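Examination of the molecular architecture
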Amino acid sequence: MTARLIDGAKTAQRIRQEIAEQIRANKLSPGLAVVLVGENPASQVYVRNKGKAAEETGMHSLNHRLPETTTQAQLLGVIDELNHDTSVHGILVQLPLPPQIDAQAIIAAIDPAKDVDGFHPVNAGKLSLGLPCFVPCTPQGCMILLRETLSDLAGKKALVLGRSNIVGKPMAQLLLQADCTVTVAHSKTRDLPAECRAADILVAAIGRPHFVKGDWVKPGAVVIDVGINRIPNPADPAKTELVGDVDFAEAAPHARAMTPVPGGVGPMTIACLLGNTLKAAKKSL
Ligand code: GUN
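Just so it is clear, the model here is predicted, and its values are computed rather than measured. (Residues numbered from 1 in each chain as written. Predicted model: local features only at pLDDT ≥ 70, side-chain atom pairs only at ≥ 80, totals over all residues. Heavy atoms only, no water.)

Describing the packing of aromatic side chains
Put simply, the rule is: The aromatic pairing rule takes the rings of Phe, Tyr and Trp, using the six-membered ring of Trp, and pairs them if the centres are within 6.5 Å, calling planes under 30 degrees apart stacked, those over 60 edge-to-face and the rest tilted. The buried label goes to any residue with under 20% of its type's maximum accessible area, the exposed label to any with over 50%, and the partly exposed label to all in between, with areas taken from a 1.4 Å probe on protein chains only. By definition, being over a ring means that NZ of Lys or CZ of Arg is both within 6 Å of the ring centre and within 35 degrees of the ring normal.
A complete count under the given rule lists one aromatic pair for this structure. When the centroid spacing of 5.5 Å and the interplanar angle of 85 degrees are considered together, the rings of Phe211 and Trp216 count as edge-to-face. In this structure Trp216 comes out as buried when scored by relative accessible area, which is 12%. Above the ring of Phe134, the side-chain terminus of Lys279 is found at 5.1 Å from the ring centroid.

Points about the side chain of Asp117
Note the cut-off: Helix and strand labels come from DSSP, where a helix needs a run of H or I of at least four residues and a strand needs a run of E of at least two; each type is numbered from the N terminus. Under the convention used here, Asp and Glu are negative, Lys and Arg are positive, and both His and the chain ends fall outside the count. Any carboxyl oxygen of Asp or Glu that lies within 4 Å of a side-chain nitrogen of Lys or Arg is treated as forming a salt bridge with it. Residue contacts follow a heavy-atom distance rule, with two residues in contact if any of their heavy atoms lie within 4.5 Å.
Structurally, Asp117 is set in the loop between α4 (103–109) and α5 (121–129). One buried charge, Asp117, has no salt-bridge partner; the nearest side chain with opposite charge is Lys50, at 5.3 Å. Here Asp117 is in contact with Leu92, Val93, Val135, Pro136 and Cys137, once residues within four sequence places are set aside.

So, the site of the ligand
Rules: Whether a residue is near a molecule or strand is decided by its heavy atoms; if any one of them lies within 4 Å of it, the residue is near. Polar contacts, as counted here, are pairs of nitrogen or oxygen atoms within 3.5 Å of one another; within protein the pair requires one atom able to donate a hydrogen and one able to accept it, and residues that are adjacent in sequence qualify only if both atoms are side-chain atoms. What sets the accessible areas is the Shrake-Rupley method with a 1.4 Å probe; for residues, cover comes only from the shown protein chains. For this classification, Asp, Glu, Lys and Arg are treated as charged, while Ala, Val, Leu, Ile, Met, Phe, Trp, Tyr, Cys and Pro are nonpolar and the rest, including Gly, are polar.
Around the ligand, the structure places Lys50, Leu92, Val93, Gln94, Leu95, Asp117 and Phe119. Contact distances for the ligand include 2.8 Å between a nitrogen atom and a backbone N or O atom of Val93. Gln94 is positioned such that a nitrogen or oxygen atom in its side chain is 3.3 Å from a nitrogen atom of the ligand. Notes on the ligand: free accessible area 280 Å², of which the protein chains cover 83%. Partitioning the shell around the ligand into residue classes produces four nonpolar, one polar and two charged.

Digging into helix α2 (residues 41–56)
Inclusion rule: The length a helix should cover is 1.5 Å for every residue beyond the first. Throughout, the arc means the angular range of directions from the helix axis out to the C-beta atoms.
The end-to-end C-alpha distance of α2, which contains 16 residues, comes to 23 Å, matching closely the 22 Å that a straight helix rising 1.5 Å per residue would cover. Taken residue by residue, α2 has Ser43, Val47, Lys50, Gly51, Ala53 and Ala54 as its buried positions. For α2, the angular spread of the buried residues around the axis is 165 degrees, confining them to a single face. More than 90 degrees from the buried face of α2, the exposed residues found are Pro41 and Lys52. In this structure, the buried residues of α2 make contact with α1 (8–25), β2 (31–37), β3 (60–66), β4 (90–93) and α10 (265–283).

As structure tokens, then:
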């Protein structure tokens, strides 16, 4: 067996076209505010890509770049302004934030109706209750790819590797809602390879390059790799390359289908962010 590639870039492109079409047809003007504090190079790339993608679908994007030394009070002031700005429908504060800022306090200050990341406690709580809410973009994107790949998720054993608020926890909630039998594994889990080997669906979101080995993958499993790790290029250490949390070459002979890195989950995160922003704009009418 060699895994079929799950083409997240293609699906994301289709979703972005549908969003652009809805914006045009309904003469909407969704606004996305993207806030970046500091100079984290990876965050700078993500934020630029999010703003660019918003503009490409016909949204307007506002970029707030704040210095590394920004205080919590200053950032709360920016959030308050954006909450009251009627041209802004979605607010995204790129994480991580510098250590002097309490990220949870910032997330809690965002109007839940503009929380297109789905990180606010109101949205996280609604997700866990199965109520309509803004669903975090990366797990939402993973679910779209899983539904495209598998005709029925009910009863499947799903293993989520990682328990972050951004991916692992909401991912587990969504899989549970899809009637999967869900295990959440993490750094303290005993016999991780055995837990992984039992899974029909393996979602790796642990942030460690090539962490999941080939023989951890159950034959015929569907593998969703959320990791985006920059490592030195083995062929030319002066250069870097992006790799996932799964050792792709090792896992591919075992899996039925796998997302590549790049071109798998990453583009879906942005497409779902745009989808959430469109939803916020429609609800504000
Ligand atoms: N940092 C890593 N992923 C994300 C995300 O999806 N949203 C925000 N705001 N920050 C992130």
